[in-house]
Amino acid sequence: MTNPTTIARRSCGAVRALVIQVLGIAAAVIARGWNTAEHWLLDSKKAQYGISVTRILIGVHGMLIIAANFSSRYYAFGAGSFWDGEHAYASSDFAHIWLFSWFPFVAASNTGLTVSLIGLFVLALLVTLGWRTKIVLPVYGIFFVSWIEMNDVLSDQSDNMLRMVMIYMLFADSSIRLSLDARRRMRSHAAVRTYAHRVALVRPYNNLLHNLVLVIMTMHVGFVYMSGALYKAQGQTWANGYAVYNPLHVDRFSTWPELADAITSWGPGVVAISWGTIIVQMMFLPMLINRATRIIALVAIMGFHVGIGFFMGLPFFSLAMIAIDAIFIRDTTWKHLGRSIRAAWQRPEHTAPSQPVPADGMAGDSDADEERMVGGAADAVQPDPAWTGTPTSPDVAITPAQTVAHADADADADADADADADADEATHDAASMVSHA
């Protein structure tokens, strides 16, 4: 007969061994997770094309909204808008902060407002082109907020998202691709050497800040989507599945009544769109983990924004949200899209005629002469990957004369995240207007 003391001792030993094993597994998982996070944050910049597209679309958004309001600038923002009381008793706190007080200061002058808007348009164009982005982007952000906050009636929730994203992007390398900055870095020996030297000194910190910006943008968007989904789920119209119907039939939002009638004529379709919106927004972050579900989530959310912009007359809101969502599309996808566009553009009918062969048969003499003239420096001029689509990172500079060993791996990794949100509030506002009507 086994002694009870022996049984108790063996049981304690088994429990102790089990606890040690569980703790060992947990420690291994934590260590592996730590190493993975460290490599992801420090090894290379992620979503290089995605954040560059975000920068481009932010600039395009600014140019379009300025162009759309330019003809009515005096009535909307200038001396003709003083009747609304915004200038005497500004509802926005930005008007009382000296850093954002330029447009309220020049609002009474038609000439001053016009010149300021033209200057803001030029800044938006420079942001789009990626010229001296580290300097131009914060200046553009300051003046854009100063202008857009002059009249709260004409703004929407995308302005809040954009101003926060522009603050985040100050710490990221948003001109690493598809920019004049990236092109300038690859134009000469001196530029390549200078850029490589600077990058070598601060590369780990640059990579860390850049990737942390992507994480913050992802979490921001995910929280906005999730809170919007939870808020929608509490509403009776969303729970009953006809919330999409109401905004599309409000005169203020329904820009295409005939198309709205056609879309909402089938009840099950309206229910599917209403409930599908809640599901996609609620599960957006988890769906980004797997490539298959990520594609579904991005297609659904992009369709959601395009629908808001097209059917509800909120194109600037939709463009701002799509710009932020661009970081969730993989770099390989952007590269493939760029190659496809370039191949379509460079079809045979658009290809320049080939140069004739000289009479002496020396077809390569001109190239050889040019190389001898520049002392071999032509070999060092690397084509800009941001414009040519070459998958070479601008942080990697290798020339025949000097080998720059500071390689920054091309970021084909998935940037887990996205950003978009207050579409929830836009649709909810339209629905609430119907109830009040």
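Scroll up to find the structure.
Residues numbered from 1 in each chain as written. Predicted model: local features only at pLDDT ≥ 70, side-chain atom pairs only at ≥ 80, totals over all residues. Heavy atoms only, no water.

Undergrad: In this structure, what is going on with the overall build of the chain? I would like to understand it.
TA: Regarding its fold elements, the chain presents 19 helices and zero strands. Within the span of the chain, comprising 437 residues, buried residues form 39% of the whole. A sequence separation of at least 24 residues applies to 79% of the contacts in the chain between residues at least 6 apart. Roughly 23,300 Å² of accessible area belongs to the chain as shown, and the carbon and sulfur atoms make up 67% of that amount. (Helix = DSSP H or I, 4+ residues; strand = E, 2+ residues; numbered from the N terminus. Buried < 20%, exposed > 50% of the residue type's maximum accessible area, 1.4 Å probe, protein only. Contact = heavy atoms within 4.5 Å. Areas by Shrake-Rupley, 256 points an atom, 1.4 Å probe, with all protein chains shown as cover.)

Undergrad: Mind showing me how you'd approach the environment of glutamine 157 here?
TA: When you line up the elements, glutamine 157 lands in helix 7 (residues 157-169). With relative accessibility at 28%, the residue glutamine 157 sits in the partly exposed group. Residues glutamine 157 and alanine 320 lie 163 residues apart in sequence; the distance between their C-alpha atoms is 9.7 Å.

Undergrad: In this structure, what is going on with the packing of helix 6 (residues 133-148) against helix 7? I would like to understand it.
TA: Between helix 6 and helix 7, the least distance of the axes is 10 Å, while the angle of their chain directions is 160°. Between helix 6 and helix 7, the interaxial angle falls into the category roughly antiparallel. Read as a crossing pair, helix 6 and helix 7 show a hand that is left-handed. On helix 7, the residues that touch Leu137, Tyr140, Gly141, Phe144, Val145 and Ile148 of helix 6 are Asp159, Arg163, Met166 and Met169. A breakdown of the residues in the contact of helix 6 with helix 7 according to their chemical character gives seven nonpolar, one polar and two charged. (Axes fitted to C-alpha atoms, helices over the stretch in contact; angles between N-to-C directions. Parallel < 35°, antiparallel > 145°, perpendicular 65-115°, else oblique. Left-handed = near helix turned anticlockwise from the far one by under 90°. Nonpolar A, V, L, I, M, F, W, Y, C, P; charged D, E, K, R; others polar.)

Undergrad: I would appreciate a short explanation of the pattern of salt bridges in the present structure.
TA: Pairs can form between side chains of opposite charge once their charged atoms are near each other. Within this structure, the stated rule accounts for two salt bridges. A salt bridge links glutamate 149 to arginine 163, with the nearest nitrogen and oxygen atoms 2.2 Å apart. Placement of glutamate 149 in the loop between helix 6 and helix 7 and of arginine 163 in helix 7 is noted, with a sequence separation of 14 residues between them. (Salt bridge = Lys/Arg side-chain N within 4 Å of Asp/Glu carboxyl O.)

Undergrad: Looking at this structure, how should I read the packing of helix 12 (residues 267-282) against helix 14 (residues 291-311)?
TA: Two packed helices can be described by the angle between their axes and the distance between those axes. Interaxial distance between helix 12 and helix 14 falls to 10 Å at its minimum, and their mutual angle equals 125°. It follows from the interaxial angle that helix 12 and helix 14 lie oblique. Pair helix 12 / helix 14 crosses with left-handed handedness. Contacts between helix 12 and helix 14 pair Thr277, Val280 and Gln281 from the former with Ala297, Ala300, Ile301 and Phe304 from the latter. Of the residues assigned to the contact of helix 12 with helix 14, the class counts are five nonpolar, two polar and no charged.

Undergrad: Got a minute to help me understand a nonpolar patch on the surface in this structure?
TA: On the surface, a cluster of nonpolar side chains totalling about 510 Å² of accessible area is made up of Trp256, Leu259, Ile263, Ile273, Val306 and Phe310. For the nonpolar patch, the secondary structure elements donating two or more residues are helix 11 (257-263) and helix 14. For tryptophan 256, the location among the structural elements is in the loop between helix 10 (236-240) and helix 11. (Patch = residues over 30% accessible without salt bridge, like charges linked within 9 Å, V, L, I, M, F, W, Y side chains within 5 Å.)

Undergrad: I'm lost on the environment of glycine 130 in this one. Help?
TA: Relative to the helices and strands, glycine 130 is located in the loop between helix 5 (110-129) and helix 6. Of the residues examined, glycine 130 reaches a relative accessible area of 0% and is grouped as buried. As for glycine 130 and arginine 183, which are separated by 53 residues in sequence, their C-alpha atoms are 9.6 Å apart. Non-local contacts of glycine 130, meaning those with residues more than four positions away in its chain, are made with Arg55, Ser179, Leu180 and Asp181.

Undergrad: How should unusual backbone geometry be read in this particular structure?
TA: One can expect most non-glycine residues to show negative phi and most peptide bonds to be in trans. Of note, alanine 47 is a non-glycine position whose phi angle comes to about 50°, a positive value. With respect to the secondary-structure elements, alanine 47 resides in the loop between helix 1 (4-42) and helix 2 (48-70). Owing to a relative accessible area of 1%, alanine 47 belongs among the buried residues under this scheme. Phi is positive for arginine 132, close to 50°, though the residue is something other than glycine. Along the chain, the position of arginine 132 falls in the loop between helix 5 and helix 6. The exposure class of arginine 132 is partly exposed, given its relative accessible area of 37%.

Undergrad: Honestly, the packing of aromatic side chains in this entry has me stumped. Any pointers?
TA: A ring pair, where both rings are aromatic, is described by two values, the distance of the centres and the angle of the planes. Going through the model one piece at a time under the given rule, you end up with eight aromatic pairs. On the numbers, 6.3 Å between centres and 65° between planes, the contact of phenylalanine 144 with tryptophan 147 is edge-to-face. Of this pair, phenylalanine 144 and tryptophan 147 both sit in helix 6, separated by three residues, roughly a single helical turn. Look at tryptophan 147 and you get buried, because its relative accessible area is 1%. (Phe/Tyr/Trp six-rings, centres within 6.5 Å; stacked < 30°, edge-to-face > 60°.)

Undergrad: I tried to follow the environment of isoleucine 135 on my own but got confused; where do I start?
TA: Tracing the backbone through its elements, the reader meets isoleucine 135 in helix 6. For isoleucine 135, a relative accessible area of 58% corresponds to the exposed category. Separated by 35 residues in sequence, isoleucine 135 and leucine 170 have C-alpha atoms that sit 9.2 Å apart.

Undergrad: Is there a simple way to think about the side chain of aspartate 159 in this case?
TA: Take aspartate 159: it is sitting in helix 7. Buried charge aspartate 159 goes without a salt bridge, the closest partner of opposite sign being arginine 163 at 5.7 Å. Discounting residues that sit within four places of it in the chain, aspartate 159 has contacts with Phe144 and Ile148. (Lys, Arg positive; Asp, Glu negative; His and termini not counted.)

Undergrad: Where do I start with the nonpolar core in this structure?
TA: When a protein is soluble and globular, its nonpolar side chains tend to lie buried together. Among the nonpolar cores identified, the biggest contains 62 residues, and Tyr140, Phe144, Trp147 and Phe284 are the most heavily contacted of them. The leading source of residues in this core is helix 14, at seven residues. Beyond its immediate chain neighbours, meaning those up to four positions away, tyrosine 140 contacts Ile58, Gly62, Leu120, Leu123, Ala124, Val127 and Met166. Residues Tyr49, Val53, Leu57 and Ala326 belong to the second largest nonpolar core, which totals seven residues. (Core = buried A, V, L, I, M, F, W, Y, C linked by side-chain atoms within 4.5 Å.)

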